[in-house]
Each structure stands twice: as structure tokens, then as C-alpha cells.
Amino acid sequence: MKEEQITADYQRKRRELEDDEDILKNTQREGDQLIQETLSDIYRIVQQSAVDSEPFDRAKQAVMQVENDYQEELSRAKKQVYQQQEELEQSYRKDLQKINEE
């Protein structure tokens, strides 16, 4: 394979991984906003009602657990994308070095 083809393949794959990273960032931003809105709604309902707040406290705890799970999953996905980017970079450098040695 020629250097131009290796570079073109690398750039294409890198763009795809960067797109994946952007999707994860947007997903995180939108998810964080939704979670905050949900918690705010729960708080507002509790403040407006004169009923026992225990069910709302449980709902808040459930939302916070979902948020924690959500953040952990996003973190794993980001780590995977970063690892793929690093592997791609290493592979690209290895391929270039191989060509230059020929």
C-alpha cells in the first residue's frame, strides 16, 4: 500500500472516531440537561405539594442512580473511543515506518 492510501485511510478512520466522540459529547450534554430538568421538576413538585415527600425522595434517588449509571456508561464509551484513536495512531505510524523501510 502506498503512503497516500495509508494516510487517506487513517484520516477517514480518524474523522469517524472524532464524529463518534462528538456524538458522545452531545449525548452527555443532552443527558445532563434532561437529568437536571427532571430533578428540578421533582423538587418543584415536592415544594408545591403538601403531601409526604417520601415518594419524591425515592424518585430523586432513582434519578440520581440512573444518572450515575449513565455517566459510567458514557465514560466507558469515551474510553473506548480514545483507545481506538490511540490504536489507530499507532497502527498508522507503524504502517508508515514499514513503508519507509522498504
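Before any of the text, the structure's been laid out above.
J.: Quick one: what's the story with the overall build of the chain, residue by residue and with numbers?
T.: Secondary structure assignment for the chain yields two helices and zero strands. Taking 102 residues into account, the globule formula puts the C-alpha radius of gyration at 13 Å, and the chain, at 23 Å, lies well above it. Viewed in the frame of its principal axes, the chain has a C-alpha envelope of about 80 × 15 × 10 Å. Here the chain holds 102 residues, and the buried ones make up 21% of them. Pairs at least 24 residues apart make up 82% of the contacts formed inside the chain by residues separated by at least 6 positions. Just so you have it, the chain exposes about 7,900 Å², and 47% of that area is on carbon and sulfur atoms. Measuring between centres, the 16 positive side-chain charges of the chain sit 3 Å from its 26 negative side-chain charges.

J.: Go over the packing of helix H1 (residues 3–48) against helix H2 (residues 54–101) with me, naming the residues and quoting the values.
T.: Where H1 meets H2, the axes come as close as 10 Å, and the angle between the chain directions of the two elements is 170 degrees. On the basis of the axis angle, H1 is roughly antiparallel to H2.

J.: Quick one: what's the story with the pattern of salt bridges, residue by residue and with numbers?
T.: The final tally for this structure, using the stated rule, is six salt bridges. Across the salt bridge formed by Arg14 and Glu18, the nearest N and O atoms sit 3.3 Å from each other. You can see Arg14 and its partner Glu18 sitting in helix H1, four residues apart, about one turn around the helix. Here Glu21 and Lys25 are joined by a salt bridge, their closest N and O atoms 3.6 Å apart. Here Lys25 and Glu21 lie together in helix H1, a separation of four residues that amounts to about one turn. Take Glu21: its relative accessible area is 16%, and that puts it in the buried class.

Criteria and thresholds
Residues numbered from 1 in each chain as written. Predicted model: local features only at pLDDT ≥ 70, side-chain atom pairs only at ≥ 80, totals over all residues. Heavy atoms only, no water. Helix = DSSP H or I, 4+ residues; strand = E, 2+ residues; numbered from the N terminus. Rg over C-alpha atoms; globule rule 2.2 N^0.38 Å. Buried < 20%, exposed > 50% of the residue type's maximum accessible area, 1.4 Å probe, protein only. Contact = heavy atoms within 4.5 Å. Areas by Shrake-Rupley, 256 points an atom, 1.4 Å probe, with all protein chains shown as cover. Lys, Arg positive; Asp, Glu negative; His and termini not counted. Charge placed at Lys NZ, Arg CZ, Asp CG, Glu CD. Axes fitted to C-alpha atoms, helices over the stretch in contact; angles between N-to-C directions. Parallel < 35°, antiparallel > 145°, perpendicular 65-115°, else oblique. Salt bridge = Lys/Arg side-chain N within 4 Å of Asp/Glu carboxyl O.

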